[in-house]
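In case you want the letters, here they are:
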Amino acid sequence: MSDLRLPPDQGPDLDETYRMPRAVRAAQIIAVGMAVVGMLCTASSGWLLGARSAVETAVPFLPSWLLGLVGLTFQSVGQSVRIGAILLAALDMFWTVPSITEGHPPGPLGPISALAVIVLLFRREARDWFEPAAW
């Protein structure tokens, strides 16, 4: 019986073909990271100051949590995932601006991280990654 595998120097490198671009990976890390920060802030606020404080801390992080969930689906094909993430990041950006003046989390980190996700997902390599032909 013959070995059907190709020698290492022949054939496409599948890891290179299906590797997520850096811009998409960075956007995913930022989105999931902000969701985790929101969970930690809410949990610590509830533990230190009570349930009412936890709810007040959780409200600004709602779009971040949704964006984090969408960020976990960045391996999916289709522009709808990218557009959905951009729209959620825009909502997150505007939703968290009042927390800056009120002095609550996430403060300036919320709009800055949301803007970073938007910029990264508008890059050419991100658009190409979500195209069905790229797979």
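Up top is the structure.
Not measured: the values here are computed from a predicted model.

**Q** Please explain the packing of aromatic side chains as it appears in this structure.
**A** For any pair of aromatic rings, geometry is given as the distance between the ring centres together with the angle between the planes. Applying the stated criterion across every chain yields a total of one aromatic pair. On the basis of an interplanar angle of 85° and a centroid distance of 5.6 Å, the ring pair of F74 and F130 is categorised as edge-to-face. Taken as a pair, F74 in the loop between helix 4 (62–71) and helix 5 (79–102) and F130 in helix 7 (residues 124–130) lie far apart in primary sequence, 56 residues in all. On the basis of relative accessibility, which here comes to 0%, the residue F130 falls in the buried class. Above the plane of the ring of F122 lies R82, whose end atom (NZ or CZ) is 5.9 Å from the centre.

**Q** Help me understand the nonpolar core, please; the structure alone is not making it clear to me.
**A** As a rule of thumb, nonpolar side chains are buried together in soluble globular proteins. Ranked by internal contacts, the top residues of the largest apolar core, which has 21 residues, are V24, L67, F74, L121 and F130. Mapped onto this core, the elements with two or more residues apiece are helix 2 (22–49), helix 5, helix 6 (109–121) and helix 7. Looking at this core, the element that brings in the most residues is helix 5, giving six residues. If we ignore the near neighbours within four places in the chain, the residues touching L67 are A31, A85, L88, A89, D92 and V117.

**Q** What is the right way to look at the environment of G33 in this model?
**A** Checked against the element boundaries, G33 lands in helix 2. For the pair G33 and W65, spaced 32 residues apart in sequence, the C-alpha separation works out to 9.6 Å.

**Q** Which parts of the structure should I look at to understand unusual backbone geometry?
**A** Leave glycine aside and you will find that most residues have negative phi; peptide bonds, for their part, are mostly trans. The omega angle of the peptide bond from P105 to P106 is 5°, so this bond is cis rather than trans. By the secondary structure assignment, P106 is in the loop between helix 5 and helix 6.

**Q** Mind showing me how you'd approach the side chain of R82 here?
**A** As for its placement among the helices and strands, R82 is situated in helix 5. The buried charged residue R82 lacks any salt bridge partner; its closest oppositely charged side chain belongs to E131, at an N-O distance of 6.8 Å. Within the structure, the side chain of R82 is placed 2.7 Å from the side chain of Q79, a separation counted as a polar contact. Excluding residues within four positions of it along the chain, R82 makes contact with L121, F122, A126, R127 and F130.

**Q** Which parts of the structure should I look at to understand helix 2?
**A** Since the α-helix advances by 3.6 residues per turn, residues separated by three or four positions end up pointing in the same direction. The terminal C-alpha atoms of helix 2, which comprises 28 residues, lie 39 Å apart, in line with the 40 Å expected from a rise of 1.5 Å per residue. All of the buried residues along helix 2 are A23, V24, A27, Q28, A31, M34, A35, G38, T42 and S45.

**Q** Teacher, can you tell me more about the packing of helix 2 against helix 6 here?
**A** Helix packing geometry: the angle between the two helix axes and the distance between the axes. Here helix 2 crosses helix 6 at 155°, and the two axes come no closer than 9 Å. Between helix 2 and helix 6, the angle is such that the two are roughly antiparallel. The handedness of the crossing between helix 2 and helix 6 is left-handed. In this structure, helix 2 contributes A23, A26, A27, I30, A31 and M34 to the contact, and helix 6 contributes L109, G110, S113, A116, V117, L120 and L121. Its residues assigned to classes, the contact of helix 2 with helix 6 shows eleven nonpolar, two polar and no charged.

Reading guide: rules and limits
Residues numbered from 1 in each chain as written. Predicted model: local features only at pLDDT ≥ 70, side-chain atom pairs only at ≥ 80, totals over all residues. Heavy atoms only, no water. Phe/Tyr/Trp six-rings, centres within 6.5 Å; stacked < 30°, edge-to-face > 60°. Helix = DSSP H or I, 4+ residues; strand = E, 2+ residues; numbered from the N terminus. Buried < 20%, exposed > 50% of the residue type's maximum accessible area, 1.4 Å probe, protein only. Lys NZ or Arg CZ within 6 Å of the ring centre and 35° of its normal. Core = buried A, V, L, I, M, F, W, Y, C linked by side-chain atoms within 4.5 Å. Contact = heavy atoms within 4.5 Å. Lys, Arg positive; Asp, Glu negative; His and termini not counted. Salt bridge = Lys/Arg side-chain N within 4 Å of Asp/Glu carboxyl O. Polar contact = N/O pair within 3.5 Å; in protein donor to acceptor, adjacent residues only side chain to side chain. Expected span 1.5 Å × (residues − 1). Axes fitted to C-alpha atoms, helices over the stretch in contact; angles between N-to-C directions. Parallel < 35°, antiparallel > 145°, perpendicular 65-115°, else oblique. Left-handed = near helix turned anticlockwise from the far one by under 90°. Nonpolar A, V, L, I, M, F, W, Y, C, P; charged D, E, K, R; others polar.

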